[in-house]
Amino acid sequence: MTAVLSDFFQQLSQLFDTKLFELGSTTITLKLLVSLSIWLTLIFFTIGLVKRFLKRSLLSGIDPNNREAIATFVSYGLGTMAIVIAIQYTGINLRSLGIVLGGLGVGIGFGLQHIADDFISGLILLFERTLKVNDLIEIDDHRFQGLVGRITEVNLRSTIIRTLDDGDVVIPNSQIINHRVLNWSHRTSIARLKIPVVVSYDSDPILVTEILLKSAHTESAVCSKPMPKAMFLAFGEDGLEFELWVWVDVNHRFEAQSSLHFTIEYNLRQHNIDIAFPQRDVWIRNFPPQYEGTRHIPMFNRQVSFQHRPVETSPPTLKHMLRQVSYFANFSDLEIRQLIEIGHRQRSKAGTILFHEGEQGNSFYILLEGEIEILAEKLNRHLATLQPGQFFGEVALLLGVPRTAMARTSQDALLFVINQPSFSDLLRRYPDLSTQVLQAMAQHRDELAERQREMRALNLVDASEDDANPVLWARNRIKRMFDL
C-alpha cells in the first residue's frame with residue numbers, strides 16, 4: 001500500500017513538473033501556474049480586507065469622500081506591489097514577461113480598450129471629486145432610464161449607485177464620464193422643489209398665494225432661506241396655474257413633496273377653492289321629454305350627476321387680518337400679496353417670551369393660533385390677552401421704537417411675522433407702498449405724539465428727524481429708517 005501511494009505521488013510530482021511552454025528564459029510548469037494562482041487569490045482577498053479596514057477603522061474619522069479615494073489608492077498600490085513580488089517569487093523572469101507582454105500589447109490594447117477607458121475615468125473621478133460618495137445623482141441617458149440614486153462606492157473601474165428603490169447598480173466609470181450627470185449634492189444638499197397647482201378661474205389669486213405660502217411654512221422640511229415663493233405662471237386652459245417654489249434637503253425631497261400635497265389640498269378645501277380639472281361642455285339637442293326634471297341623464301352609457309357642495313364657513317384669512325391693520329387698510333390686493341410673501345410663520349411654545357418691555361421693536365405680529373399675553377413688565381400688570389386674528393407691534397415695525405410692554409405666549413401659538421429688513425426691502429422695491437403707509441400716518445396723530453414723547457424722554461429722537469408735528473416726525477423717521 002505504501003509503495004502504491006509513493007508511486008502515485010511520484011507520478012503527480014512529475015505531472016506538476018512537466019514543462020508546458022517557455023516564457024523567455026522561464027520554463028512554465030503546472031506547478032508554477034498553480035502556485036501563482038494561489039498567490040494571486042490571496043493577494044486579491046487581502047486587498048479587499050485592507051480596503052475595508054482602511055475605510056471602517058483607520059480612516060473612519062475623515063471625510064467619506066477622502067476616505068474612499070485614499071483607501072482605493074492605497075489598496076491598489078499595495079496590491080500591485082504584492083503581485084510583482086509574487087511573480088518574482090514563483091520564478092517568472094519579469095524581463096521575459098515584459099517582452100511577451102510588449103508583443104501582445106497591441107492585441108491586448110484593442111481587446112481591453114473599454115476596461116482601460118474605465119480605469120482612466122475612475123482616476124478622473126477620484127482626482128476631480130465632482131462626484132463623491134453619498135452624492136445624490138441623476139444620469140441623463142436613455143439607457144439608464146433617468147437613473148436616480150446615491151453613490152455608495154467609487155472604484156477604479158466602476159461606480160456603485162444605490163437607487164431610490166434600495167437596489168445597487170454597477171456602472172462603468174466611462175459611462176458616467178461620457179454622459180451628463182445631475183449632481184444634487186455637489187456644493188449643497190439644498191435644492192428647489194416645484195409644486196404645480198391649478199385652481200378654478202373663480203378663485204382669488206391672492207388667497208391662493210396666501211394658502212400656498214402658508215402650506216410651505218407649515219412643512220418642517222422646507223427651508224426658511226431661501227424663502228418659499230408662490231408663482232402665478234399662466235392663465236391655463238383649465239384654470240389658473242400656480243407653482244409653489246420651496247427649498248428642501250434633497251435627502252427628504254419626496255417626503256416633503258408628499259406632505260406638501262396633503263397640506264395644500266387640505267388648505268384649499270378649507271377655503272372652498274376647487275382644484276381645476278379638464279372640463280368639456282356637452283350640448284344636447286332635442287332633449288327627450290321623459291328626462292326633464294331628472295338629476296341623472298343617461299348619455300354614452302354613463303351618468304352626469306349634478307351635486308351641490310354644502311356651504312362651509314371659511315376661517316379668517318391672512319389677507320383679511322392684514323386689512324384690519326389701519327396702516328394697510330387701503331392696500332390693494334396685489335400690495336397685500338406682497339406683504340404676505342415677505343412675512344413668515346413662527347411657531348412658539350407656551351411660555352415663550354416674544355419680546356421684553358423696552359427692547360427695540362423691529363417686527364410686526366399677527367396671531368393665527370393660540371393665545372398671547374401682553375404684560376407691563378415693570379409694573380407686573382396684565383394688560384391684555386390677544387386671540388387669533390389680533391395683531392401687535394405694527395408701530396414698532398414702522399418707527400423702530402422701544403416696546404412698551406412684554407409679549408408672552410400663554411398657549412402654543414402660530415404667528416405671522418413681518419420683520420424690518422424684509423419690510424424695508426419691500427418699500428424700496430415698491431415706492432407706492434411707502435406712500436400708502438405715510439398717508440396712513442395722518443390718521444394716528446395722538447398715538448404718534450405719545451410715541452414721540454417716549455422717544456424724547458429716552459433721548460432717542462434724532463435732531464435731523466424731530467419736528468413739532470408728530471406726523472411729520474414719524475414720516476421723517478420712516479424715510480430715514482427705510483432709506484426712502
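Residues numbered from 1 in each chain as written. Predicted model: local features only at pLDDT ≥ 70, side-chain atom pairs only at ≥ 80, totals over all residues. Heavy atoms only, no water.

## As for the overall build of the chain
Quick note on the threshold: Counting from the N terminus, the helices are DSSP H or I runs at least four residues long and the strands are E runs at least two residues long. Relative accessibility thresholds used throughout: buried, under 20% of the residue-type maximum; exposed, over 50%; partly exposed, between the two (1.4 Å probe, protein chains only). Contacts were defined at the residue level, with two residues in contact if any of their heavy atoms lie within 4.5 Å. Methods summary: accessible areas were calculated by the Shrake-Rupley approach with a probe of 1.4 Å, and residue burial reflects only the protein chains presented.
Looking only at helices and strands, one finds 15 helices and 20 strands in the chain. In the chain, which comprises 484 residues, the proportion classed as buried is 38%. Within the chain, counting contacts between residues at least 6 apart in sequence, those at least 24 apart form 66% of the total. In the form shown here, the chain has an accessible surface area of approximately 28600 Å², with 55% of it arising from carbon and sulfur atoms.

## Topic: the pairing of strand S20 (residues 413-419)
Test applied: Only strands joined by at least two bridges in the DSSP assignment are considered to pair.
For S20, the tally of buried residues reaches six of seven residues, placing the bulk of the element in the interior. Pairing analysis gives five bridges linking strand S13 (residues 344-348) to S20, with the strands arranged antiparallel. Bridge pairing links glutamine 346 to leucine 415 in S20. One ladder, built from six bridges, connects strand S15 (residues 363-369) with S20; its direction is antiparallel. Within S20, the position partnered with phenylalanine 364 by the bridge is isoleucine 418.

## Re the sheet that holds strand S9 (residues 229-235)
To keep things clear, this is the line we draw: Axis lines are fitted to C-alpha atoms, over the contacting stretch for helices. Their N-to-C directions set the angle, which ranges from 0 to 180 degrees.
Spatial ordering of the open sheet is given by S8-S10-S9, a layout of three strands whose pairing is antiparallel. Edge positions in the sheet fall to strand S8 (190-199) and S9, since each has one partner strand and no second. For this sheet the average axis-to-axis angle between neighbouring strands, irrespective of direction, equals 25 degrees. Note: S9 against strand S10 (residues 240-249), six bridges, orientation antiparallel. When the bridges of S10 are listed, phenylalanine 235 appears paired with leucine 240. Its contacts with the sheet place helix H7 (residues 205-218) against S8, S9 and S10, and it is angled at close to 20 degrees to S10.

## Considering the packing of aromatic side chains
To keep things clear, this is the line we draw: Pairs were defined over the aromatic rings of Phe, Tyr and Trp, the Trp ring being its six-membered one, requiring ring centres within 6.5 Å. Orientation was assigned from the angle between planes: stacked under 30 degrees, edge-to-face over 60, tilted for the rest. Any Lys NZ or Arg CZ that is within 6 Å of a ring centre and within 35 degrees of that ring's normal is treated as a charge sitting over the ring.
Per the stated rule, a full pass over the model turns up eight aromatic pairs. For the ring pair tyrosine 365 and phenylalanine 392, a centre distance of 5.0 Å and an interplane angle of 10 degrees mean the geometry is stacked. One end of the pair, tyrosine 365, is in strand S15; the other, phenylalanine 392, is in strand S18 (residues 391-392), and 27 residues separate them in sequence. The same class applies to tyrosine 365 as to phenylalanine 392, namely buried. A network of ring pairs unites the aromatic residues Phe328, Phe364, Phe391 and Phe423 as a single cluster. The aromatic ring of tryptophan 245 is capped on one face by arginine 192, whose charged end is 4.2 Å from the ring centroid. Between the NZ or CZ atom of arginine 403 and the centre of the ring of phenylalanine 355, over which it lies, the distance is 4.1 Å.

## Some points on the UniProt feature "transmembrane region" (unreviewed entry) in the chain
Under the convention used in this document: UniProt positions are given in the numbering used here, feature names are shortened, and annotations may be inferred rather than shown by experiment.
UniProt feature "transmembrane region" (unreviewed entry): in the numbering of this structure it lies at residues 28-50, 70-91 and 97-116. The span residues 28-50 is 91% helix and 9% strand, and its two end C-alpha atoms sit 31 Å from each other.

## Some details on the side chain of serine 200
Here serine 200 lies in the loop between S8 and H7. For serine 200, a relative accessible area of 13% puts it in the buried group. With residues near it in sequence (within four places) discarded, serine 200 still touches Leu240, Asp274 and Ala276.

## Concerning the pairing of strand S19 (residues 406-409)
The side chains of a regular strand alternate between both faces of the sheet. As paired strands, strand S14 (residues 353-355) and S19 are joined by two bridges and run antiparallel to one another. The residue bridging isoleucine 353 from the neighbouring strand is arginine 408, located in S19. In this structure, strand S16 (residues 372-376) lies alongside S19, joined through four bridges in antiparallel fashion. Bridging from a neighbouring strand, leucine 375 pairs with methionine 406 of S19.

## Regarding the sheet that holds strand S5 (residues 158-163)
Strand order in this open sheet of five strands is S6-S5-S4-S3-S7, and the pairing throughout is antiparallel. Only two strands of the sheet have a single partner each, and these edge strands are strand S6 (168-172) and strand S7 (181-183). Between one strand axis and the next, the sheet turns through 40 degrees on average, direction left out of account. For strand S3 (residues 136-139) and strand S4 (residues 148-154), the ladder comprises three bridges, and the chain directions are antiparallel. Each residue of the ladder has a partner; that of leucine 136, found in S4, is arginine 150.

## Brief notes about the nonpolar core
Threshold: Among buried residues, those of type Ala, Val, Leu, Ile, Met, Phe, Trp, Tyr and Cys that are joined through side-chain atoms within 4.5 Å constitute a nonpolar core.
In this structure, Leu322, Tyr327, Phe328, Leu339, Leu399, Phe423 and Met441 are the most contacted members of the largest nonpolar core, which totals 59 residues. Of the residues forming this core, the biggest block, seven residues, is contributed by H7. When near neighbours in sequence (up to four residues on either side) are disregarded, phenylalanine 328 contacts Leu322, Arg323, Ile336, Leu339, Phe364 and Phe423. Membership of the second largest hydrophobic core comes to 13 residues, among which are Leu354, Phe355, Phe392 and Ala407.

## Thoughts on the environment of tryptophan 473
Relative to the assigned elements, tryptophan 473 resides in helix H15 (residues 470-481). Each C-alpha atom, one on tryptophan 473 and one on glutamine 452, is 7.9 Å from the other, the two residues being 21 residues apart in sequence.

## Details of the confidence of the model for the chain
Formally: Within a predicted model, pLDDT stands for the predictor's per-residue confidence, ranging from 0 to 100.
Across the chain, the average pLDDT comes to 77, with 77% of residues at 70 or higher. Taken together, the stretch residues 297-308 has pLDDT below 50 and engages in 17 contacts with residues farther than four places along the chain or on a different chain.

## Digging into the packing of helix H12 (residues 420-429) against helix H13 (residues 431-441)
Let me state the cut-off plainly: With respect to orientation, any angle under 35 degrees is reported as roughly parallel, any angle over 145 as roughly antiparallel, any angle of 65 to 115 as roughly perpendicular, and every other angle as oblique. For this scheme, ten residues count as nonpolar: Ala, Val, Leu, Ile, Met, Phe, Trp, Tyr, Cys and Pro. Four count as charged, namely Asp, Glu, Lys and Arg, and the remainder, Gly too, count as polar.
Relative orientation of the contacting elements H12 and H13 amounts to 110 degrees, with a least axis distance of 5 Å. Judged on the interaxial angle alone, H13 and H12 are roughly perpendicular. Contact residues: Phe423, Leu426, Leu427, Arg428 and Arg429 in H12; Pro431, Leu433, Ser434 and Val437 in H13. Looking at the contact of H12 with H13 residue by residue, the classes come out as six nonpolar, one polar and two charged.

## A word on unusual backbone geometry
The omega torsion of the bond from lysine 225 to proline 226 falls at -5 degrees, within 30 degrees of zero and hence cis. In this model, aspartate 166 sits at a positive phi of 65 degrees, which is unusual for a non-glycine residue. Mapped onto the elements of the fold, aspartate 166 is located in the loop between S5 and S6. In the Ramachandran plot, asparagine 380 falls in the positive-phi region, its phi being about 50 degrees despite a non-glycine side chain. Take asparagine 380: it is sitting in the loop between S16 and strand S17 (381-386). For asparagine 380, a relative accessible area of 73% corresponds to the exposed category.

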